[in-house]
Amino acid sequence: MAMDLTLQQIVEGIPKSLLNASDRELEGFQKIIEETIRLREGQRNLQVMIKNFSSSQIQRS
């Protein structure tokens, strides 16, 4: 079920430290988020590769 949020609810959920951050701090935070997403995708890909490898090894046995 999708949750409809008002702009006010979204803003209230943002920490003040993030709202008051400088452009440089926000750029650093954005890089951290982007790298986190890449790591998460890499982990998922690795899990799929391991699963596929394990399955192919079992079938060969």
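As a reminder, the structure under discussion sits directly above these lines.
One structure accompanies this document, and this report is about it. (Residues numbered from 1 in each chain as written. Predicted model: local features only at pLDDT ≥ 70, side-chain atom pairs only at ≥ 80, totals over all residues. Heavy atoms only, no water.)

**What about the overall build of the protein?**
Check the secondary structure of the protein and you find three helices and zero strands. Taken over the C-alpha trace, the protein has a radius of gyration of 20 Å; the compact-globule value for 61 residues is 10 Å, which it surpasses by more than 25%. Summarising its shape, the C-alpha atoms of the protein cover approximately 60 × 35 × 10 Å along the three principal directions. Relative to its full complement of 61 residues, the protein shows a buried share of 2%. By element, 58% of the accessible surface of the protein is carried by carbon and sulfur atoms, the whole surface being about 6,200 Å². Of the charged side chains in the protein, 8 are positive and 8 negative, and the gap between their average positions amounts to 12 Å. (Helix = DSSP H or I, 4+ residues; strand = E, 2+ residues; numbered from the N terminus. Rg over C-alpha atoms; globule rule 2.2 N^0.38 Å. Buried < 20%, exposed > 50% of the residue type's maximum accessible area, 1.4 Å probe, protein only. Areas by Shrake-Rupley, 256 points an atom, 1.4 Å probe, with all protein chains shown as cover. Lys, Arg positive; Asp, Glu negative; His and termini not counted. Charge placed at Lys NZ, Arg CZ, Asp CG, Glu CD.)

**Observations concerning the environment of L26**
Mapped onto the elements, L26 comes out in helix α3 (residues 23-60). Among residues more than four places away in sequence, those in contact with L26 are L18 and A21. (Contact = heavy atoms within 4.5 Å.)

**Some thoughts on the pattern of salt bridges**
Taken as a whole and judged by the stated rule, the model has one salt bridge. A salt bridge links E35 to R38; the nearest nitrogen and oxygen atoms lie 3.0 Å apart. Pair noted here: E35 and R38 are both in helix α3, with a separation of three residues, about one helical turn. Under the relative-accessibility criterion, E35 is labelled partly exposed at 36%. (Salt bridge = Lys/Arg side-chain N within 4 Å of Asp/Glu carboxyl O.)

**Quick word on a nonpolar patch on the surface**
On the surface, L5, L7, I10, V11 and L19 cluster together to form a nonpolar patch covering roughly 470 Å² of accessible area. Looking at the nonpolar patch, the element that brings in the most residues is helix α1 (residues 7-12), giving three residues. Tracing the sequence through the fold places L19 in helix α2 (residues 16-19). (Patch = residues over 30% accessible without salt bridge, like charges linked within 9 Å, V, L, I, M, F, W, Y side chains within 5 Å.)

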